Amino acid sequence: MLDATQNVTRTYLDRRVEEFRGQVARRIDGSLTEDEFRPLRLMNGLYLQLHAYMLRVAIPYGTLNSDQLDVLAEISERWDRGYGHFTTRQNIQYNWPKLTDVPDMLGRLADVNLHAIQTSGNTIRNVTADPLAGAHADELIDPRPVAELIRIWSTDHPEYQFLGRKFKIAVTGSPNDRAVTAAHDLAVRIVERDGEIGYAILVGGGLGRTPVVGKVIKDFLPQADLLPYLEAVLSVYNLAGRRDNKYKARIKITVNEMGLEEFSVRVDEAFARIRPEFSGADQHLLAELQDGFARPMLAPRDSGAFEAAYEADPVFRSWADVNLRPHFAEDYAIAMVSLKPHGGVPGDASASQMRVVADLARRYGQNEIRVTQEQNLVLPHVAKADLPAVFAELKAHGLATANAGLASDIIACPGMDYCALATARSIPVAQEISERLAENEIEVGELAIKISGCINACGHHHLGDIGILGLDRAGVENYQITLGGDAGPDMKIGEKTGPGFAYDEVVDAVERLIQAYLDLRAEGERFRDTIARTGAEPFKSALYDEENRHAA
Ligand code: HEM
Ligand code: SF4
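Residue positions are counted from 1 within each chain, in the order its sequence is given. For this description, chains carry letters from A and ligands carry numbers from 1, given in the order in which they are written. Only residues with pLDDT of at least 70 get local features here, since the model is predicted, and only at 80 or more are side-chain atom pairs given and counted; chain-wide, interface and lining totals rely on the full set of residues. Each side-chain value is worked out from all heavy atoms of the structure, with water and hydrogens disregarded.

1. Some thoughts on the overall build of the chain
Counting from the N terminus, the helices are DSSP H or I runs at least four residues long and the strands are E runs at least two residues long. Secondary structure summary: the chain contains 19 helices and 21 strands in total. Once the C-alpha set of the chain is aligned to its principal axes, its extents read approximately 65 × 60 × 60 Å. Two residues form a contact once any of their heavy atoms are found within 4.5 Å. Long-range contacts, defined as pairs at least 24 residues apart, comprise 67% of the intrachain contacts of the chain with a sequence gap of at least 6. We get accessible surface area from the Shrake-Rupley algorithm with a probe of 1.4 Å; when it comes to residues, only the shown protein chains can shield them. Carbon and sulfur atoms provide 50% of the accessible area of the chain, an area that totals close to 21400 Å².

2. Quick word on empty space enclosed by the protein
The definitions used throughout rest on a 1 Å grid laid over the protein atoms alone, on which a cavity is an enclosed set of points accommodating a 1.4 Å probe that cannot get out and a pocket is an open set flanked by protein within 12 Å on both sides along at least five of seven lines; lining residues are those having an atom within 4 Å of a point. Grid points are joined across faces, edges and corners, and a volume is the space filled by probe spheres set on the points. For the structure on display, the rule yields four cavities of 30 Å³ or more. Its boundaries defined by the atoms lining it, the largest cavity holds a volume of some 130 Å³. What lines the largest cavity is a set of 15 residues, among which His-115, Ile-117, Asn-126, Arg-151 and Thr-155 lie closest to the centre. Grouping the amino acids of the lining of the largest cavity by side-chain chemistry returns six nonpolar, seven polar and two charged. Along its surface, the second largest cavity is lined by Leu-13, Arg-16, Val-17, Asn-44, Leu-106, Ala-110, Leu-114, His-115, Ala-116 and Ile-117. Of all the secondary structure elements, the ones that give two or more residues to the lining of the second largest cavity are α1 (10–28) and α4 (102–111). Residues are grouped as follows: nonpolar covers Ala, Val, Leu, Ile, Met, Phe, Trp, Tyr, Cys and Pro; charged covers Asp, Glu, Lys and Arg; every other residue, Gly included, is treated as polar. The class makeup of the residues in the lining of the second largest cavity is seven nonpolar, two polar and one charged.

3. Details of the nonpolar core
What is meant by a nonpolar core is a set of buried Ala, Val, Leu, Ile, Met, Phe, Trp, Tyr and Cys residues, joined one to another through side-chain atoms within 4.5 Å. Here's how the labels work: a residue is buried when its accessible area is under 20% of the maximum for its type, exposed when over 50%, partly exposed in between, all with a 1.4 Å probe on protein chains only. Core analysis: the largest hydrophobic core is formed by 60 residues, its most contacted members being Leu-55, Leu-69, Leu-72, Phe-86, Trp-319, Leu-379 and Leu-387. Top element by residues in this core is helix α12 (residues 351–364). It accounts for seven residues. When sequence neighbours within four positions are dropped, the list of residues in contact with Leu-69 reads Leu-64, Phe-86, Met-354, Val-357, Ala-358 and Ile-369.

4. A short note on the sheet that holds strand β10 (residues 215–222)
The strand order across the open sheet built from five strands is β6-β7-β8-β9-β10, with neighbouring strands paired in mixed fashion. Both edges of this open sheet fall to β6 (128–129) and β10, since each of them pairs with a single strand only. A pair of strands is treated as paired once DSSP finds two or more bridges between them. One ladder, built from five bridges, connects strand β9 (residues 196–203) with β10; its direction is antiparallel. Within the sheet, the bridge partner assigned to Gly-198 lies in β10 and is Pro-222. Contacting β8 (186–193), β9 and β10, helix α6 (residues 226–240) runs over the sheet at an angle of about 150 degrees to β10. All axes here are fitted lines through C-alpha atoms, helices being fitted over the stretch that makes contact, and every angle between N-to-C directions spans 0 to 180 degrees.

5. Topic: the environment of Asn-478
When you line up the elements, Asn-478 lands in strand β19 (residues 476–483). For Asn-478, the residues in contact, after removing those within four places along its chain, are Leu-469, Gly-470, Leu-471, Arg-473, Gly-500 and Phe-501.

6. Details of the pattern of salt bridges
A side-chain nitrogen of Lys or Arg and a carboxyl oxygen of Asp or Glu constitute a salt bridge if their distance falls within 4 Å. Tallying each qualifying case throughout the model produces 41 salt bridges. Between Asp-142 and Arg-144 there is a salt bridge; the shortest N-O distance is 2.8 Å. One exposure class covers both Asp-142 and Arg-144, and it is buried. Of the charged contacts in the structure, one is a salt bridge between Arg-436 and Glu-432, with a shortest N-O distance of 3.7 Å. One end of the pair is Arg-436 and the other is Glu-432, both in helix α14 (residues 427–437) and four residues apart, which spans about a single turn. Overall, Arg-436 belongs to the partly exposed group, its relative accessible area being 32%. In this structure, a network of salt bridges that share partners links the residues Arg-10, Asp-14, Glu-74, Arg-78, Arg-108 and Asp-111.

7. A look at the sheet that holds strand β1 (residues 46–48)
One open sheet accounts for five strands, arranged β1-β2-β5-β4-β13; its pairing is antiparallel. Of all strands in the sheet, those with a lone pairing partner are β1 and β13 (348–350), marking the two edges. Within the sheet, the average angular offset between the axes of one strand and its neighbour, ignoring direction, is 30 degrees. One ladder, built from three bridges, connects β1 with strand β2 (residues 53–58); its direction is antiparallel. Pairing of Tyr-47 across the sheet is with Met-54, part of β2.

8. Things to note about the coordination of the iron atom of ligand 1
Just one protein atom donates to the iron atom of ligand 1; it is Cys-458 (SG), sitting 2.2 Å from the metal. Counting through the fold element by element, Cys-458 comes out in the loop between β17 (449–452) and β18 (466–473). For Na, K and Ca the donor cutoff is 3.2 Å, while for all other metals N, O and S atoms count as donors only within 2.8 Å; water does not appear among the atoms, so some sites may look incomplete.

9. A few points about the site of ligand 2
Here, proximity means that at least one heavy atom of the residue falls within 4 Å of the molecule or strand. In the neighbourhood of ligand 2, the contacting residues comprise Cys-413, Pro-414, Gly-415, Cys-419, Leu-421, Ala-422, Gly-453, Cys-454, Asn-456, Ala-457 and Cys-458. Its residues assigned to classes, the shell around ligand 2 shows eight nonpolar, three polar and no charged.

10. Section: unusual backbone geometry
Backbone geometry places Asn-113, a non-glycine residue, at a positive phi of 60 degrees. By the secondary structure assignment, Asn-113 is in the loop between α4 and β6.

11. Brief notes about helix α16 (residues 503–520)
With 18 residues, α16 should reach 26 Å at 1.5 Å per residue; the first-to-last C-alpha distance of 27 Å fits that figure. The complete set of buried residues in α16 reads Val-506, Val-507, Ala-509, Val-510, Arg-512, Leu-513, Ile-514, Ala-516, Tyr-517 and Leu-518. In a helix, the anticipated span is given by 1.5 Å times the number of residues less one.

12. A closer look at the site of ligand 1
Inspection of the region around ligand 1 gives 19 residues, with Gln-49, Lys-168, Leu-207, Arg-250 and Cys-458 positioned closest. When grouped by side-chain class, the residues that make up the shell around ligand 1 number six nonpolar, eight polar and five charged.

13. Regarding the confidence of the model for the chain
Residue-level confidence of the predictor is summarised by pLDDT, bounded by 0 at the bottom and 100 at the top. Here the chain averages 95 in pLDDT, and 97% of its residues register 70 or above. Every residue in residues 1–5 is under pLDDT 50, and counting partners more than four places away or in other chains gives 21 contacts.

Take a look at the structure:
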């Protein structure tokens with residue numbers, strides 16, 4: 001498989017690390033003030049949180065090889081507190097680095113072609129993709145070569161280092177969008193029309209205080225036009241985007257204020273100007289990248305051992321039913337590795353857990369690991385025959401909770417435990433909900449609970465079947481609930497139910513919603529199907545009627 005950071009050479013990364021080492025030294029000897037140092041550290045993915053610095057490392061399109069994951073584990077042990085936190089944008093965050101250690105951490109990352117460049121700031125952030133790319137049975141085409149092309153083009157692109165605001169791009173090659181593409185500033189969906197592959201382009205999606213579902217600006221863009229078209233979109237945004245108010249600076253506001261039609265006309269004008277500058281070198285590169293991401297050669301394997309274990313062991317069966325996804329090769333499966341043990345911190349993995357997954361990928365999984373938007377890991381290519389052994393190893397290390405896509409597979413942002421912007425805790429709420437719901441979550445079935453600790457919406461609460469937003473009401477945490485969000489291809493923003501709940505009421509409130517669903521659901525209906533049929537009213541009654549509140 002191709003290495004993630006083609007264009008960013010070792011020499012370049014070394015130079016960046018040494019440059020930052022000098023800046024850190026000058027900060028420590030006082031020759032740089034914090035105000036002067038801030039933009040320099042942010043260019044290297046280093047944030048200042050509530051209690052400590054935080055280093056955010058990009059995992060381009062969520063793909064890692066075993067050596068890379070081993071290094072992420074080593075870094076957490078040598079320079080942090082022995083764990084890392086996987087995020088919804090396919091990054092890993094280290095929550096406790098010492099400023100003086102960060103250059104060494106970046107140096108070690110460079111050994112395996114990873115870095116923290118453009119994981120912060122008003123620039124094009126980590127390009128994300130379907131975490132099951134190149135493996136899922138439903139895929140039209142692997143989106144990672146396109147994501148890599150965009151990453152190569154956008155990394156260190158001088159024109160996009162000082163955009164009005166951050167700019168997030170996601171790519172999917174499957175009709176079942178698993179990359180939350182419509183919540184991105186720009187989405188590339190690979191589609192087929194009359195036998196030709198091309199791209200549907202969406203612009204102006206985003207969450208935060210003003211959630212907007214991305215709008216289709218091109219329903220079919222020919223392959224060769226992708227980069228000039230992206231340049232055209234970026235150039236219109238760069239010029240027309242607002243810089244007077246950072247809350248209005250994202251492209252979603254530009255598109256809404258200008259109107260999609262006018263925005264599209266301006267993009268087409270810019271495209272006509274830019275297109276001739278692209279002579280085809282990008283298409284040669286794309287072809288090379290496609291070769292690099294060619295599907296692995298998977299030998300046929302007898303799945304007898306899998307069938308036998310499935311029959312004999314109910315614990316394995318339950319895990320297989322919930323955590324496996326269909327692979328393009330018949331004798332293989334995609335194994336979701338849960339980072340959501342009941343009562344655990346969503347998305348955290350210890351160094352030893354990371355090593356176990358790296359080792360399993362080496363032994364049974366074509367050396368590949370993925371990071372999902374739901375804050376889990378994935379072994380994308382495992383022979384069914386090897387699944388009992390893989391399961392046993394995962395189970396021994398607390399990585400085999402059978403909950404992928406279920407109630408305890410909760411997305412939660414760092415909230416008040418780490419984040420300087422937080423207005424409420426989100427991790428402890430997630431922990432308590434997951435413990436409370438563990439027992440009957442299989443009966444409840446597919447359910448997305450998503451929690452953010454402030455209106456910035458890092459925890460995707462707008463897109464949860466049940467969304468929880470932690471606010472601060474006169475110094476007291478208050479949790480607002482939304483219902484009916486959907487992160488899939490037909491994305492929906494959830495609707496507020498009514499007044500919020502106190503910290504010690506919110507878990508009961510979620511339980512009441514789930515009980516209402518169990519009471520209301522028709523045969524085969526998921527939570528979202530029931531809401532679509534009944535509307536939110538019966539759920540609101542369950543939430544707010546006095547007798548329900550006291551019954552819980
Ligand atoms: C130091 C910690 C963090 C800070 C300071 C921070 C800051 C922000 C801010 C200010 C926004 C709103 C942007 C806007 O509306 O223009 C935002 C949005 C977002 N952040 Fe974070 N964030 C942090 C951690 C995280 C983590 C851990 C994740 C993933 C779990 C994450 C993922 C996202 C996502 C998905 C959005 C919404 C999508 C969008 O940009 O519209 N962030 N973040
Ligand atoms: S949603 Fe708010 S509290 Fe949570 S990580 Fe984002 S900025 Fe911090």
